[in-house]
Structures are given as C-alpha cells and as structure tokens.
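Listed below, chain by chain, are the residues.
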Amino acid sequence: MIQKRKKLLKILHRGFLSTPRAWYSAPMNSMTRKEFLEQVQSLCELMSYEELVDCIKLYVREYRSEQRQEFLHALASYRGDAPPEKLEIGLLEAVDALADNILDYQKSIEDGSFYDDQEYPYDECPDPYTDDHLGSLAGLFNQADLLFSSGGIEDARKLYSRLFELIESFEDLKYWNRQFSVDWIETQARYWRCMYETEPPEKRPQVLLSLMDPRNFNSSYYGFGEPYVKDIIGTREEILPDYEQFLASWCRLLAEGSTDREQMLLLEAVHMTRGIDGISELARSWKGTQSRGYLYWISALKDAGDLEQVLEVSQEALKAISPEDPLRYHAAAYLTQTAEKTGSLPQLLAGKQELFQCETDDFHLEHLMKEAQRQHVLDQQLDWVHSYLKTHVNEHTIPLMIKVMFILGSGVQVYADPKSLGISSSSLNKPLGWSWIFSGDAVTGLLFAGALIMLAGDHICETPIIHSVHKTYDPTVSSGRSFVIPGDADPEYLRQMAVSGLISSPLPKDTRDYLHAWAMEIGKKRIEGIVSNKYRNSYRKAAEILGALAEVAAVTQSPKHAQTLIFTYRDQMFQRFSAFRREVNGMMELSSLLSSL
C-alpha cells in the first residue's frame with residue numbers, strides 16, 4: 001500500500017498538477033512550480049493511498065466532457081518511470097508551418113481574397129487569428145512543457161526558441177486570449193532555464209539579461225509582468241547549477257545597469273543575497289530617483305508580516321517619492337491598507353489623503369470623506385480638500401471643486417464668482433453638450449441641477465425629477481488610471497452630501513431671483529435645442545429638464561405656473577412631436593407635484 005501511495009504521489013509530483021498565475025503576479029508573493037509541488041507533497045504525505053485517490057476523483061469530478069480525455073492522457077503519460085520525452089520529428093517544422101499559415105491568412109484579409117472564399121460580411125473585420133491557429137500554438141507550447149518537465153532540456157530549448165520567434169513575429173499574438181491559455185511567466189521562465197542550463201557558466205548572466213530585454217519594460221507601472229530569477233529557479237525541483245557563482249556575477253552585471261528592469265532585477269538579487277537589510281540600503285541610496293526601491297522594500301516587509309515596519313517605511317517613501325511620480329500611489333496604497341489592518345487611524349486618514357492627491361477623483365474623495373466621517377473630522381477634511389483643489393484648478397478638477405463647494409454649503413459662491421473656479425461663460429450659457437463629460441461644458445448640467453436644488457430648498461423631498469437631473473448631469477470625475485484600492489464606489493454618497501449642503505446654503509432674494517431666471521432660461525433653451533433639432537435619442541433628457549423646471553415652478557410659485565410651463569412646451573410649441581409628448585407624460589407620472597396637472 002505504501003508503494004502504491006508513493007507511486008501516486010510521484011505521478012502528481014512530476015507535473016500532473018500545476019499552478020496557474022495571473023500575468024501581473026509579483027515574483028515576491030507568487031507561487032513557483034517548485035514551491036507549489038513542495039506544498040502538494042507535504043499535504044499528500046499526510047494522506048493514505050485511498051485518501052489520495054479520493055482526492056483526485058473529487059478534484060476531477062466537475063471536468064467537462066472535452067477535458068476528461070486530456071486528463072486521462074496526462075495521467076497515463078506520467079505513470080511509472082516513463083523515459084524522458086523526445087523532440088518529435090516535425091515539431092519544429094510544425095512551428096514554421098503555423099507561422100506561414102497565419103501570415104497567409106492575414107494577407108488574405110488585407111487583399112480581400114478572404115471574403116471570396118467564404119460568406120463573411122465585408123463591413124466586419126475578422127479576427128487576426130483563428131481558433132485553429134491558437135489551438136495549434138497552445139498545443140506546441142504544451143509539447144515544449146512536456147519536454148522540459150521530463151528533463152529534455154536541450155530539446156525543450158530548441159522548441160521554445162522557435163515558438164518565441166513565432167510570437168515575436170506577430171506582436172499581438174501573446175495577448176490574444178480567446179481559446180489560448182498559456183501561462184507566459186511560467187513558460188518564459190522554463191525557456192530561460194533551458195537557456196541557462198545549456199550555456200557555459202561565464203555567459204549565463206549576459207544571456208539571461210538579453211532574454212529579459214531591459215529596454216522592453218513599462219516604466220509607468222510597478223507591477224511584475226515578466227519572469228524574474230525566482231521564477232527561473234522555481235521551474236524545477238533541482239537547484240540551479242552553479243547558483244552562487246551566477247548570483248555574484250549577476251549582481252555585478254546589474255549594478256552597471258540603469259533601466260527600470262535592471263534595477264528591479266538588482267533588487268531581487270540583493271534580496272536573495274543580503275535580505276531585507278540589503279534592500280533597505282539600496283532603496284535609501286536611490287531615494288526618489290528610483291521609487292521601485294521603496295516599493296520593493298515595502299512589499300518584502302509585507303510578505304514578512306512586519307506591518308509596523310510597512311507603516312513606517314511607507315511614510316518614509318512618501319517623503320522621498322515626488323508627487324509627480326505615478327508610482328507614489330502604490331506607497332500610499334500600502335500605507336492605507338496596512339493602517340486599515342492595524343487600526344492605525346491617523347495613518348489611515350493620511351493614506352487616504354495621499355491617495356486623493358495621487359488620484360484626484362470621485363472614488364478617492366468618497367473614501368476620504370467616509371473615513372473622515374468615521375473619525376469625526378469631516379469638517380476639517382472638507383476644508384483641507386477645498387484648499388487642495390483651489391491650488392490645483394484645471395479642467396479635470398473643476399467638477400470636483402463644484403461638488404465640494406456644494407457639500408460645504410458654499411453653492412452661492414459658485415454662481416457669484418464662477419471665473420475664480422475656472423468656469424467659463426460658455427459653461428453657463430451653452431444649452432447643449434451637457435452629457436459629454438470630456439467637454440469643458442460638462443459642468444453646465446451640474447450647475448443647473450445645483451441651482452434647482454437650492455431653489456427647491458426644504459421642498460427637495462417632493463421633487464424626484466430634480467434629483468434625477470442631478471444624477472444625470474453629475475459627471476463622474478475619474479483620474480483615467482487603472483490604480484484602485486479595494487472598495488466599492490457609491491456616487492449617491494457624494495450626491496446626498498451635495499444636496500444637504502445646497503439646501504443649507506443661505507439664499508438671499510437677489511441670488512434666488514438670479515438663479516431662477518438663469519435656470520429657466522438655460523433649461524428652456526436646452527429643451528428647444530433638443531426637440532427642434534429632432535435629437536430623438538435625447539427627448540427623454542428634454543422631458544426631464546421640463547419636468548424639473550415645472551417642479552421648481554410648483555414649489556417656488558404655484559402649481560398653475562407649472563401647468564402653464566408644461567402646456568406651453570408639450571401642447572403648443574411641440575404638439576406635433578408625439579415621441580416628445582409621450583416622454584413628458586411619462587416623466588410627469590414620476591412626480592406627485594406634476595401627476596395631477
């Protein structure tokens with residue numbers, strides 16, 4: 001029984017199981033094949049033979065029908081002491097044939113002959129690769145992996161080399177995911193290990209560095225999208241040949257480099273040779289000139305579970321990294337997430353302030369406000385945000401500044417001196433283009449909604465259409481970057497704060513009269529501009545504007561004024577526009593103030 005259990009464990013250990021990893025996995029906290037198999041072995045050694053069999057059966061019970069044959073084939077191929085895989089005759093030729101086939105296929109699309117051979121709409125562009133292309137490529141990579149796993153390093157190198165030449169000849173092929181699932185980090189690391197083991201020791205550092213191509217590295221991101229030495233080591237259970245000798249030469253070579261990729265590799269090498277103390281020394285020597293040093297150091301501390309040091313070094317990093325450096329966001333994110341875990345409230349608030357400065361948008365404003373509210377310092381934080389935005393006024397921050405002033409109860413100041421906020425006269429007078437958030441006039445709808453809310457005042461709960469207008473024209477301010485921290489966005493949170501601030505704003509009679517006249521004028525122009533130009537897709541927006549103006553008339557003047565307004569546009573000016581009339585009637589049903597008119 002023990003022998004049967006050992007044989008089953010050996011099958012598993014030889015590669016039957018593998019670990020999928022996302023393309024962005026970091027070398028410091030991702031799991032290599034070696035680490036994965038060691039953990040599998042430690043778990044399996046606690047089981048009996050029968051438990052191992054039951055475990056495998058449970059694991060594969062949900063396999064789809066097309067996966068079952070592949071599983072049985074893989075299981076059989078690892079049975080007993082099978083001899084190493086050999087490079088089959090024709091595999092290298094198959095790679096060349098696949099490349100020629102893809103090239104012919106793409107040329108047929110370019111010259112139009114593709115459309116002559118099959119029924120395909122001329123106005124649609126076919127995919128640059130077929131499912132057969134991608135399936136064949138995945139199969140060839142699988143063959144190379146089998147060669148590597150069975151110890152055929154020389155043969156695996158030949159096949160990997162030819163496959164990566166094919167990938168490089170078609171720039172987007174690596175990222176074409178439909179029906180094509182290859183773990184690029186794992187696969188590249190295996191290829192590079194083949195190169196390492198088949199090169200003379202003195203050439204290995206330079207060969208590896210050329211394969212890692214330090215020029216081809218996106219310097220705007222901290223994420224790890226390429227394999228590192230740790231990944232190469234982890235592809236096999238056997239130790240890397242001449243490891244100590246290589247590492248010493250590797251460090252010397254990388255110390256001469258200046259690219260982001262070379263410096264990231266140097267951080268990894270220093271971590272391997274001198275530990276966290278070596279990383280800290282290197283990061284501090286670079287300071288703000290290479291912010292990845294601090295980020296790597298913080299990540300190492302986090303992996304080591306030293307959260308107090310993560311807090312301390314994150315704050316040190318924020319002092320060293322320039323505000324213009326996009327990687328500063330990551331230091332702020334480390335500070336915020338760690339402060340959340342440790343309950344360090346001052347650091348948590350400081351981290352969210354830093355995140356807002358790095359990514360000045362709705363999402364980070366919302367999370368800063370919620371934290372300030374939780375810590376009972378909302379008024380102080382609102383004043384801080386207002387001061388920060390005043391010194392960073394641009395087209396991107398204008399809508400955010402308006403929202404903050406609404407929340408502060410300073411709505412009257414927005415309309416009294418719009419130029420001081422960077423609001424142009426066209427934003428106050430142009431009736432169309434409100435919905436295009438990339439336009440400078442995107443704030444017009446927000447200003448219009450704010451005026452209606454102030455005019456409605458204490459009656460705001462009776463005006464659902466005004467609330468709808470606010471939601472429609474409250475532009476979502478986004479930084480345009482992909483960096484986010486965990487947490488859901490809740491746009492209603494900021495909107496409700498804005499409504500509370502607006503209705504609490506003192507509204508002198510002359511300001512009220514100005515806002516009423518302006519809102520009526522710009523609102524009517526918008527209705528007329530949309531409907532008279534027959535922008536049918538925007539009839540609902542025109543009806544919404546009319547309904548909101550009618551609600552304002554009902555609560556500030558009388559229901560009769562609201563009825564007259566509706567009658568003028570629905571039954572007189574645009575009586576022949578049946579689609580618009582239907583939208584108006586549907587909109588009126590949403591408001592108790594208007595449904596009886």
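In the block above lies the structure referred to throughout.
Residues numbered from 1 in each chain as written. Predicted model: local features only at pLDDT ≥ 70, side-chain atom pairs only at ≥ 80, totals over all residues. Heavy atoms only, no water.

Student: Hey, could you run me through the pattern of salt bridges in this one?
Tutor: Under the definition given, this model contains 22 salt bridges. Between Glu 197 and Arg 193 there is a salt bridge whose closest N-O contact spans 2.7 Å. Taken as a pair, Glu 197 and Arg 193 lie in helix H9 (residues 184-198) at a separation of four residues, close to a single helical turn. On the basis of relative accessibility, which here comes to 26%, the residue Glu 197 falls in the partly exposed class. A salt bridge links Arg 495 to Glu 492; the shortest N-O distance between them is 2.9 Å. Linking Arg 495 with Glu 492, this pair stays in helix H25 (residues 491-503), spanning three residues, or about one helical turn. (Salt bridge = Lys/Arg side-chain N within 4 Å of Asp/Glu carboxyl O. Helix = DSSP H or I, 4+ residues; strand = E, 2+ residues; numbered from the N terminus. Buried < 20%, exposed > 50% of the residue type's maximum accessible area, 1.4 Å probe, protein only.)

Student: Looking at this structure, how should I read the nonpolar core?
Tutor: As a rule of thumb, nonpolar side chains are buried together in soluble globular proteins. Within the largest apolar cluster, 82 residues are counted, with the highest numbers of intra-cluster contacts made by Met 369, Phe 448, Ile 527 and Phe 580. Element by element, the count of residues in this core is highest for helix H27 (residues 539-556), at 12 residues. Once you skip the residues sitting within four places of it in the chain, Met 369 turns out to touch Leu 378, Gln 381, Leu 382, Val 385, Tyr 493, Leu 494 and Met 497. Counting residues in hydrophobic clusters, the runner-up holds 81 residues, among them Leu 92, Ile 102, Val 229 and Tyr 294. (Core = buried A, V, L, I, M, F, W, Y, C linked by side-chain atoms within 4.5 Å. Contact = heavy atoms within 4.5 Å.)

Student: Would you mind going over unusual backbone geometry with me for this structure?
Tutor: The general pattern is negative phi for most residues beyond glycine and trans for most peptide bonds. A positive phi angle is found at Asp 242, which is not glycine, with a value near 55°. With respect to the secondary-structure elements, Asp 242 resides in the loop between helix H11 (229-233) and helix H12 (243-255).

Student: Whenever I open this one, empty space enclosed by the protein confuses me. Can you help?
Tutor: Which parts of space are left empty comes out when a probe the size of a water molecule is rolled across the atoms. Considering all chains together, one arrives at two cavities of 30 Å³ or more under this definition. The space that makes up the largest cavity amounts to roughly 40 Å³. Considering the residues around the largest cavity, the lining is formed by Lys 403, Phe 406, Leu 446, His 470, Asp 474, Leu 494, Arg 495 and Ala 498. Of the residues forming the lining of the largest cavity, the biggest block, three residues, is contributed by H25. Partitioned by chemical class, the residues of the lining of the largest cavity number four nonpolar, one polar and three charged. Approximately 30 Å³ is the volume attributed to the second largest cavity. What lines the second largest cavity is simply Lys 302, Leu 307, Gln 337, Thr 338 and Lys 341. (1 Å grid on protein atoms, 1.4 Å probe; cavity = no way out; pocket = protein on both sides within 12 Å on 5 of 7 lines; lining within 4 Å. Points joined across faces, edges and corners; volume = space filled by probe spheres on them. Nonpolar A, V, L, I, M, F, W, Y, C, P; charged D, E, K, R; others polar.)

Student: It is not clear to me how the environment of Val 385 should be interpreted in this structure. Could you clarify?
Tutor: Within the fold, Val 385 resides in helix H19 (residues 378-390). Under the relative-accessibility criterion, Val 385 is labelled buried at 0%. Expressed as a C-alpha distance, the spacing of Val 385 and Leu 400, which sit 15 residues apart in the sequence, is 9.9 Å. Setting aside chain neighbours within four positions, we find Val 385 in contact with Phe 356, Leu 365, Leu 368, Met 369 and Val 404.

Student: Would you mind going over the packing of helix H14 (residues 292-303) against helix H15 (residues 307-320) with me for this structure?
Tutor: Pairs of packed helices are described in terms of their axes, by the angle between the two and the distance that separates them. Where H14 meets H15, the axes come as close as 9 Å, and the angle between the chain directions of the two elements is 170°. With respect to H15, the element H14 is oriented roughly antiparallel. Here H14 contributes Tyr 294, Trp 297, Ile 298, Leu 301 and Lys 302 to the contact with H15, which in turn contributes Gln 309, Val 310, Val 313, Ser 314, Glu 316, Ala 317 and Ala 320. For the contact of H14 with H15, a count of residues per class yields eight nonpolar, two polar and two charged. (Axes fitted to C-alpha atoms, helices over the stretch in contact; angles between N-to-C directions. Parallel < 35°, antiparallel > 145°, perpendicular 65-115°, else oblique.)

Student: Please clarify how helix H5 (residues 91-111) should be interpreted in this entry.
Tutor: Here H5 is 21 residues long and its end C-alpha atoms lie 30 Å apart, about the 30 Å a rise of 1.5 Å per residue gives. For H5, every residue scored as buried is listed here: Leu 91, Leu 92, Val 95, Leu 98, Ala 99, Ile 102, Tyr 105, Gln 106, Ser 108 and Ile 109. Looking one or two residues beyond H5, the residue adopting positive phi is Gly 112, at roughly 90°. (Expected span 1.5 Å × (residues − 1).)

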